[in-house]
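Observations on the model geometry
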Amino acid sequence: MDPFLDEPQSSGPGFDPMALVRAFWRRKWLLIIPFILCFSMATVAIKIMTPVFFSAGQVRIIVNNTGTNLIEDEARRYGRPRDFDRLAYEEMEILLMSPDFLEKMVLDLNLHLALRQAQAQAGIEPMSEARAIDQAVNRLKSMLRIEMDGPHLFLLGVRDTDPDQAHRMISHILEAFLKDYRASQLAFKTSTRDFLKRQLDGYRLTLTEAENALTVFQTSIASSTLLDNPINARNLKDAETNLGHMRDRQRGSDRTEMARLRQEAESVVNPLPRLSRYRTDPAITAVVREMVSMALSQSLLLQTNRGFHEFDDQLANLRFRLNTLVENKVTADYPSLGYMDRNRVSQYVYFSLFQDGLTQVADSLDKSIKEFRSFTSRQPEQSARLSDLQDAVTQASGLVQTLEQEIVQQNLNLEASQSEIGFQIKVRKKPTRPSVPIEPNKMKLLLMGFLLSLGIGIGLVVLALLLDRSFTSVGDIERTL
């Protein structure tokens, strides 16, 4: 057994802060001298650093897209404001950092000449103009800064050791950027519109050729059943459906309505007014003829599938005119009747005349369908050829109409882009001459130098304590032995 273990062990006094302070105090020069040296070096470095000034302007960019339906717009991918700001930032960076734009700014500001003059003053042989331009472009690229400064706000600035030079450069660059950025935004819409116009010319030529081919074929077969017949293989089914709806309505709701109006009119005047008197009226006849012609010649009935009763504002206006003419004539024929009684009579006459027009449309449509059916049954090959030609005309006509509408939309886009409701880019804050440099940041660098110097000094003291193997007290000797 180890004899030293038989001796009683006494517990130590624990951590003594004063002993640590005394240890640091004995080695205070290891702390003070490195601290003074490092802090002095940091101060000198701050003094000799070249100050850098930053002059910037704030730009606000907003785009309200009235997009095209045919050409995919990349900006549609960005629905949120921050996404659009990211896209605008990328476009700005591409424009500002492009070699063409930077070279243009170098030439406008004569930065390459200043670089050659500085070399001549320093006694160095000036470089060639091309090399001077390249170096000035690279230097300007490193000096330019683009930052997102908020929703739709962007900061454009230049860093330079000369505050006047920084202000002059960013003022010129900002003005040139606004001009080029507006032009780049309008260039896409203008190119799209011009492309659509070229396409429209080609489709119009295709439509003309298809119409000529259809005319030549119709003339060659010389069938009276096809002349001015709006029915073809494409709309035959819809035409038959519409005809069935009209016949059903005539036999159903229209007949019931007619009986009700007739009964109300008979309770006011008996016998009822002669309809031939109204049918021969020139003004009323013209309105009814126009209603029928609109349904047949323009083929509205075949395209809308809504029947003769539900056309758009054109038919509504004609019906209003017809009703007004009938009311005026009934008032002239029955001046002694009151307003309600005259209205009952005029409604009966109006609905009768309207039913006459509906019957004419249904009969004409029925006749056209039968003639086309008869032609297809007698000449199936010519009928199929005719159907193909009519489809070609219909398709080409649809493409022409679509492109015409799209070109109108593109013109609106261009006008909107040049107005306040479309593309907006404004200088929200003009560049100013900087009075305080952004670099060096003296307070920040002094604080960093102070902390670094203090850390080095404390580190040296701690290292000295760890490497010190000497005895500082009798207790250390006793514990060691």
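Residues numbered from 1 in each chain as written. Predicted model: local features only at pLDDT ≥ 70, side-chain atom pairs only at ≥ 80, totals over all residues. Heavy atoms only, no water.

**Comments concerning the overall build of the protein**
The helix and strand tally for the protein stands at 17 helices and four strands. Across the 481 residues that make up the protein, the buried fraction comes to 35%. Long-range pairs, those at least 24 residues apart, make up 80% of the contacts in the protein with a sequence separation of at least 6. Of the accessible surface of the protein, which amounts to about 29,500 Å², a share of 56% is contributed by carbon and sulfur atoms. (Helix = DSSP H or I, 4+ residues; strand = E, 2+ residues; numbered from the N terminus. Buried < 20%, exposed > 50% of the residue type's maximum accessible area, 1.4 Å probe, protein only. Contact = heavy atoms within 4.5 Å. Areas by Shrake-Rupley, 256 points an atom, 1.4 Å probe, with all protein chains shown as cover.)

**Things to note about the pattern of salt bridges**
Using the criterion set out here, one finds 17 salt bridges in the structure. We note a salt bridge from arginine 260 to glutamate 264, for which the minimum N-O separation is 2.8 Å. One end of the pair is arginine 260 and the other is glutamate 264, both in helix H9 (residues 253-266) and four residues apart, which spans about a single turn. A cluster of three or more residues bridged by salt bridges with shared partners is formed by Arg247, Asp363, Asp366 and Lys370. (Salt bridge = Lys/Arg side-chain N within 4 Å of Asp/Glu carboxyl O.)

**Description of the packing of aromatic side chains**
Scanning the model with the defined rule gives five aromatic pairs in all. When the centroid spacing of 5.5 Å and the interplanar angle of 85 degrees are considered together, the rings of phenylalanine 35 and phenylalanine 450 count as edge-to-face. Taken together, the residues span a long stretch of sequence, with phenylalanine 35 in helix H2 (residues 28-48) and phenylalanine 450 in helix H16 (residues 442-467) at a distance of 415 residues. We classify phenylalanine 35 as partly exposed; its relative accessible area is 21%. On the basis of relative accessible area, phenylalanine 450 is assigned to the partly exposed category, the value being 34%. (Phe/Tyr/Trp six-rings, centres within 6.5 Å; stacked < 30°, edge-to-face > 60°.)

**Structural notes on unusual backbone geometry**
The omega torsion of the bond from asparagine 270 to proline 271 falls at 5 degrees, within 30 degrees of zero and hence cis. Tracing the backbone shows proline 271 in the loop between H9 and helix H10 (275-279). One non-glycine residue, asparagine 110, lies in positive phi territory at about 55 degrees. Backbone geometry at histidine 152 places phi at a positive 65 degrees, although glycine is not the residue there. Topologically, histidine 152 is positioned in the loop between strand S2 (144-150) and strand S3 (153-160).

**As for the packing of helix H5 (residues 111-121) against helix H6 (residues 129-143)**
Where H5 contacts H6, the two axes come as close as 8 Å, and the packing angle between them is 110 degrees. With respect to H6, the axis of H5 lies roughly perpendicular. On H6, the residues that touch Leu111, His112, Leu115 and Arg116 of H5 are Glu129, Ala132, Ile133, Gln135, Ala136 and Leu140. Its residues placed into classes, the contact of H5 with H6 shows six nonpolar, two polar and two charged. (Axes fitted to C-alpha atoms, helices over the stretch in contact; angles between N-to-C directions. Parallel < 35°, antiparallel > 145°, perpendicular 65-115°, else oblique. Nonpolar A, V, L, I, M, F, W, Y, C, P; charged D, E, K, R; others polar.)

**Some thoughts on the nonpolar core**
Grouped together as the largest cluster of nonpolar side chains are 36 residues, with contacts concentrated most on Leu322, Val326 and Val349. Elements that contribute at least two residues to this core include exactly helix H8 (236-251), H9, H10, helix H11 (282-297), helix H13 (313-333) and helix H14 (339-378). With sequence-adjacent residues up to four places away left out, valine 326 is seen in contact with Ile284, Ser346, Val349, Tyr350 and Leu353. Core analysis: the second largest hydrophobic core is formed by 33 residues, Leu95, Leu144, Ile146 and Leu178 among them. (Core = buried A, V, L, I, M, F, W, Y, C linked by side-chain atoms within 4.5 Å.)

**Description of the pairing of S2**
Where S2 lies against S3, six bridges are found, and the strand directions are antiparallel. Paired with glutamate 147 across the bridge in S3 is leucine 155. Here S2 folds back onto S3, and the loop between the two strands holds two residues, one of which, histidine 152, carries a positive phi near 65 degrees. (Pairing = 2+ DSSP bridges.)

**A closer look at H8**
Compared with an ideal rise of 1.5 Å per residue, which puts 16 residues at 22 Å, H8 spans 23 Å between its outermost C-alpha atoms and is within 8% of the ideal. Where H8 is concerned, the buried positions are Leu236, Ala239, Asn242, Leu243, Met246 and Gln250. Projected down its long axis, H8 shows its buried positions confined to an angular sector of 125 degrees, all on one face. Those residues of H8 that are exposed and angled more than 90 degrees off the buried face are Lys237 and His245. (Expected span 1.5 Å × (residues − 1). Arc of directions from axis to C-beta.)

**Looking at the environment of glutamine 360**
You can see glutamine 360 is positioned in helix H14. Residues glutamine 360 and valine 292, 68 residues apart in the sequence, show an inter-C-alpha distance of 7.1 Å.

**Considerations on the side chain of aspartate 160**
Structurally, aspartate 160 can be placed in strand S3. Taking relative accessible area as the criterion, aspartate 160 reaches 6% and is therefore assigned buried. Side chain to side chain, aspartate 160 and arginine 139 meet in a polar contact 3.5 Å long. (Polar contact = N/O pair within 3.5 Å; in protein donor to acceptor, adjacent residues only side chain to side chain.)

**Observations concerning the confidence of the model for the protein**
Counting all residues, the mean pLDDT for the protein is 77, and 81% of those residues have values of 70 or more. Across residues 73-78 the pLDDT falls below 50, and counting only partners more than four positions away or on other chains, this stretch makes 10 contacts in the model. pLDDT under 50 marks residues 298-311. Its contacts with residues more than four places away, or in other chains, come to 45 contacts. (pLDDT = per-residue confidence, 0-100.)

**Side note on the packing of helix H4 (residues 99-109) against H6**
Taken N-terminus to C-terminus, the directions of H4 and H6 make an angle of 110 degrees; their axes are 9 Å apart at the nearest point. By the angle class used here, H4 and H6 are roughly perpendicular. Of the residues in H6, those touching H4 at Leu102, Glu103, Met105, Val106 and Leu107 are Ile133, Ala136, Val137, Leu140 and Lys141. Classifying every residue of the contact of H4 with H6 gives eight nonpolar, no polar and two charged.

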